[in-house]
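What follows is the residue order along each chain.
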Amino acid sequence: MIRRALVGLLAAALLAATAHAAPVRITDDLQHVVAFDQPPRRIVALLPSLTETVCALGDCDRLVGVDRYSNWPAQVEKLPKLGGLDDPQVEAIVALRPDVVLLAPSLRIQDRLEALGLKVLVLQTRTQADVRRVFQALGEMLGRPDPLAPWRAIDADMARIAATVPPSMHGRSVYFEVDAAPYAAGASSFIGETLARLGLRNVVGPELGPFPKLNPEFVVRADPELVMIGRRNADSLAGRPGWSRIRALKAHAVCAFDPAESDVIARPGPRMAQGAEAMARCLRRLADASAQ
Amino acid sequence: MSLRALALTLLAAGLALLLLGLCVGSTGLSLEALRGADDVPRAILWEIRLPRSIGAWLTGALLGVAGATAQGLFRNPLADPYLLGASAGAALGVALVLVGWGSGAVAASVLARLGMTGAAFAGSVGAMVLTLTLARGAEQTLRLLLAGVVVGVVLLAATSVLTLLNPDVLRSMQVFMLGNTALLSGASIAMLLPVLVLAGSAAYGASRALDALALGESTARSLGLPLAGVRFALVGVLALCTGAAVAQCGLVAFVGLVAPHLVRGRCGGAHGPLLALSALAGGALLLSADILARGLFAPQELPVGIVTSLLGGVYLLVLMQRGRFGRTAA
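For clarity, every value in this text was computed on a predicted model and none was experimentally measured. (Residues numbered from 1 in each chain as written. Chains lettered and ligands numbered in written order. Predicted model: local features only at pLDDT ≥ 70, side-chain atom pairs only at ≥ 80, totals over all residues. Heavy atoms only, no water.)

### Some points on the overall build of chain B
Applicable threshold: Each helix is a run of H or I in the DSSP string that is no shorter than four residues. Each strand is a run of E no shorter than two, and both are numbered from the N terminus. Atoms considered for the radius of gyration are the C-alpha atoms alone. The globule rule reads 2.2 Å times the number of residues to the power 0.38. For the exposure calls, accessible area comes from a 1.4 Å probe over protein chains only, and a residue counts as buried if that area is under 20% of its type's maximum, exposed if over 50%, partly exposed in between. The criterion used for residue contact is that any of the two residues' heavy atoms lie within 4.5 Å. Only four residue types enter the tally: Lys and Arg on the positive side, Asp and Glu on the negative side; His and the chain ends are excluded. By convention, the point assigned to a charge is CZ for Arg, NZ for Lys, CD for Glu and CG for Asp.
Per the secondary structure count, chain B includes 15 helices and two strands. Here the C-alpha radius of gyration of chain B, 20 Å, is about what a compact globule of 330 residues would show, namely 20 Å. Each principal axis of the C-alpha atoms in chain B carries an extent, and together these give about 65 × 55 × 35 Å. Going through the 330 residues of chain B one by one, you find that 52% of them count as buried. Excluding contacts between residues fewer than 6 apart, the proportion of contacts in chain B whose partners are at least 24 apart in sequence is 76%. Taking the average location of the 19 positive side-chain charges in chain B and that of its 11 negative ones, the two points are 12 Å from each other.

The structure is reproduced here in structure tokens:
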């Protein structure tokens, strides 16, 4: 009995070994090709959405260090923090002896890390298509037979959440404010993609770019039926000159998100369905309120 | 051009810009808002463009007065309203409000009630009070200047640490640092106008002292000038003007530095007319920058501080090329 189990284990190990025999070649967003003889065991991720993608692929345990802003799932909070947007700690990264370092192009340290003999993958996450592509690349790197399986689950979640949006909300015009300058989330941004998926019509078209600084007059003129905004700026909204006449403010159709929700909504990664759910929850609440 | 003619020209320019400001908005330059009897265009005209244009002019005027005061007080043509740490203090105040709000701390509710405007005002005036304390009053100019530099550097470092630890406030901080005239309202005017009247007349009252100060400290003292008291009052004017301007529009660059230089040539070293003309020039400069900021890429906007730097910088260069500037500023 024990011998048969041992043989079985050995066979499984052999099978696993042969599966990884051919080096996996991953092309990153700077068109660098990085080859892996076997899936990396020690991973450093320097962008929250990359950290989350590794964990969504089930390999959270392989992470040995993350950036200062990675805060999900909870277990990554215990890992060494290796700097933020503009102060990556090269020395600490090298000291962890990672098999691969995952980072965003804005960090600009890939050359130094490569010169120090580390494997580096530079990955951009700005849109839903990016999220899918990063799943593909990291899934292949980790030797997953079906790298896009988690993506398909997220996509199905998105569809399910979109279906919970009451029909009365479909086609409503929406203004999503990122910051009080005012900066808006345009149709071409990640947030804009989620809004479109929920059946809303963004008053800020794709021609204005992802996060345009708008003339506040533009919003008054566009007269959106819904406003989505961080809770910090929600209270002062009606106090802005001329804004009290906007339909959304008259009807109290304002979705105010707390910082944790805003964090999830703005992060192009595996939790995009959670962000969509925060928006959909507000839409359901507004539809209920107007039905009464 | 005589003094009176220049003053009238600048005033007329201000009024013309105000009219232009009513015609420029998110649709670019269009008279539709002026004609329409429709509800929304009229609201946009009276509730948004009018207060915004007046507010931008008033803020520019405040910065002009503050700049002329600082340059006279420190007898330095490169002095600007932010010299005594006002900008760094205001930035720290705003950063504290932004970060405090996110953290949900006990103090956050207090900070939130204070608001960005209150925080910027308190921060800017607070930093100047700190500078005065470190310099042990306004007795010695050099001491005051150095204390201002130290306060500026230290507070800015504190702000950098705060934003580094809380990257979600970066965008809001950038808006503040580059200046923003987009959300000026009737309430802003209600704050800016009294400050301009109050601080402007105080500065005008002290203009004789500034004239005497321009001859050197010992001369000023031998003329019987209560130097410490006058300096203290002028720093107060500086704090009030800068604090109000920063609170409403953020850190608008260059207006306070360049406005006095645009008119200095006509004043022959007399600070009374210089202060008044600086206010008119500053107002016209910031209002034209605001109009360009909203008109150039409508419906998108440029941060107004970028436009003031471009406008003021280019105009200063032209003046220097003509050779007027070198003669008159010295």
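### Observations regarding the confidence of the model for chain B
Applicable threshold: Each residue carries a pLDDT value, the predictor's own confidence for that position, ranging from 0 to 100.
Averaged over all residues, the pLDDT of chain B equals 87, while 92% of them reach at least 70. Across the interface, the model reports ipTM at 0.82; the global pTM reads 0.85.

### A closer look at the interface of chain B and chain A
Convention followed: Throughout, the accessible surface (probe 1.4 Å) given up by two parts as they are put together, summed over both, is called the buried area. A pair is scored as a salt bridge if a Lys or Arg side-chain nitrogen falls within 4 Å of a carboxyl oxygen belonging to Asp or Glu. Side-chain atoms alone can form a polar contact between residues adjacent in sequence; in general such a contact is a pair of N or O atoms within 3.5 Å, and within protein one must be able to donate a hydrogen while the other accepts it.
Facing the 36 residues of chain B at the interface are 29 residues of chain A. Summing both partners gives a buried area of about 3000 Å² for chain B against chain A, and 59% of it is carried by carbon and sulfur. For chain B, the biggest contributors to the area lost against chain A are Trp-101, Arg-171 and Leu-183 of chain B; these three give 21% of the whole. Between Glu-47 of chain B and Arg-245 of chain A there is a salt bridge, and its shortest N-O distance comes to 3.0 Å. On the surface where chain B and chain A come into contact, there are 14 residue pairs in polar contact (both at pLDDT 80 or more).

### Brief notes about the pairing of strand β5 (residues 100-103) of chain A
All names here are of chain A. We apply this condition: In this analysis, strands are considered paired if DSSP registers two or more bridges between them.
Side chains Val-100 and Leu-102 project from β5 onto one buried face, and the interleaved Val-101 and Leu-103 project onto a second face that is buried too. For strand β3 (residues 43-45) and β5, the ladder comprises three bridges, and the chain directions are parallel. Its bridge partner lying in β5, Ala-45 is registered against Leu-102. Both β5 and strand β6 (residues 120-122) contribute to a ladder of three bridges, which runs parallel.

### Observations regarding unusual backbone geometry
Residues and elements named next belong to chain A. Omega for the bond connecting Trp-72 with Pro-73 falls within 30 degrees of zero, at -10 degrees, which places this linkage in the cis form. Mapping Pro-73 onto the fold places it in the loop between β4 (63-66) and α3 (90-95). The omega torsion of the bond from Ala-181 to Pro-182 falls at 5 degrees, within 30 degrees of zero and hence cis. Despite not being glycine, Arg-97 shows a phi value in the positive range, around 45 degrees. Assignment of secondary structure puts Arg-97 in the loop between α3 and β5. Classification of Arg-97 as exposed rests on a relative accessible area of 59%.

### Re the packing of helix α8 (residues 186-205) of chain B against helix α11 (residues 227-249) of chain B
Residue and element names in this part refer to chain B. Note the cut-off: All axes are obtained by fitting lines to C-alpha atoms, using only the stretch in contact for helices, and the reported angles, taken between N-to-C directions, cover 0 to 180 degrees. Roughly parallel means an angle under 35 degrees; roughly antiparallel, over 145; roughly perpendicular, 65 to 115; everything else is oblique. Handedness of a helix crossing follows the sense of rotation of the near helix relative to the far helix, less than a right angle counterclockwise being left-handed and clockwise being right-handed. Side-chain classes are defined by residue name, with Ala, Val, Leu, Ile, Met, Phe, Trp, Tyr, Cys and Pro counting as nonpolar, Asp, Glu, Lys and Arg as charged, and the others, Gly among them, as polar.
Two elements in contact, α8 and α11, have axes separated by 9 Å at closest approach and are oriented at 160 degrees. Taken together, the axes of α8 and α11 are roughly antiparallel relative to one another. Regarding α8 and α11, the two cross each other, and that crossing is left-handed. Across the interface between the two elements, Ser-188, Met-191, Leu-192, Val-195, Leu-198, Ala-199, Ala-202 and Ala-203 of α8 pack against Val-237, Leu-240, Cys-241, Ala-244, Ala-245, Ala-247 and Gln-248 of α11. Its residues assigned to classes, the contact of α8 with α11 shows 13 nonpolar, two polar and no charged.

### Observations concerning the side chain of Thr-53 of chain A
Residue and element names in this part refer to chain A. Positionally, Thr-53 belongs in helix α2 (residues 48-56). Residue classification places Thr-53 among the buried positions, given a relative accessible area of 2%. A distance of 2.6 Å separates the side chain of Thr-53 from the backbone oxygen of Ser-49, its partner in a polar contact. Setting aside residues up to four positions removed in sequence, Thr-53 forms contacts with Val-134, Phe-135, Leu-138 and Pro-270.

### Concerning the state of the cysteines
Here is the rule we go by: A pair of sulfur atoms, both from cysteines and within 2.5 Å, is called a disulfide here.
Applying the stated criterion across every chain, the model contains two disulfides over all chains. Across a sulfur-sulfur distance of 2.0 Å, Cys-55 of chain A and Cys-60 of chain A are joined as a disulfide pair. Across the disulfide from Cys-55 of chain A to Cys-60 of chain A, rotation about the S-S bond amounts to roughly 65 degrees, and the bridge is consequently right-handed. A relative accessible area of 9% places Cys-60 of chain A in the buried class. Once the bonded cysteines of chain A are numbered in order along the sequence, the disulfide links fall as 1-2, 3-4. With no disulfide partner, Cys-241 of chain B has as its closest neighbouring cysteine sulfur the one in Cys-249 of chain B, 14 Å distant. With no disulfide of its own, Cys-267 of chain B lies 17 Å from the sulfur of Cys-241 of chain B, the closest cysteine sulfur.

### Section: the sheet that holds β6 of chain A
Residue and element names in this part refer to chain A. Strand order in this open sheet of four strands is β4-β3-β5-β6, and the pairing throughout is parallel. In this open sheet, the two strands that pair with only one neighbour each are β4 and β6. For this sheet the average axis-to-axis angle between neighbouring strands, irrespective of direction, equals 20 degrees. Sheet analysis places β3 next to β4, joined by three bridges and oriented parallel.

### Focus: the pairing of strand β7 (residues 173-179) of chain A
Residues and elements named next belong to chain A. Taken across its seven residues, β7 has six buried, putting it largely inside the fold. Note: β7 against strand β9 (residues 201-202), two bridges, orientation parallel. Bridge assignment links Ser-173 to a residue of β9, and that residue is Arg-201. Strand direction decides the pairing type here: β7 and strand β10 (residues 226-230), joined by three bridges, are parallel. Counterpart to Val-174 in the pairing with β10 is Leu-226. Where β7 and strand β8 (residues 183-184) come together, two bridges link them in antiparallel fashion. Bridging across to β8, Glu-177 finds its partner in Ala-184.

### Considering the pattern of salt bridges
Tallied over the entire structure, the rule returns 25 salt bridges over all chains. When the shortest N-O distance is used, the salt bridge between Glu-217 of chain A and Arg-49 of chain B registers 2.5 Å. Placement of the pair is Glu-217 of chain A in helix α8 (residues 216-222) and Arg-49 of chain B in helix α3 (residues 39-73), with the two residues belonging to separate chains. The same class applies to Glu-217 of chain A and to Arg-49 of chain B, which are both buried. Residues joined by salt bridges that share partners form a network here, namely Lys-213 of chain A together with Arg-52, Asp-290, Arg-294 and Glu-301 of chain B.

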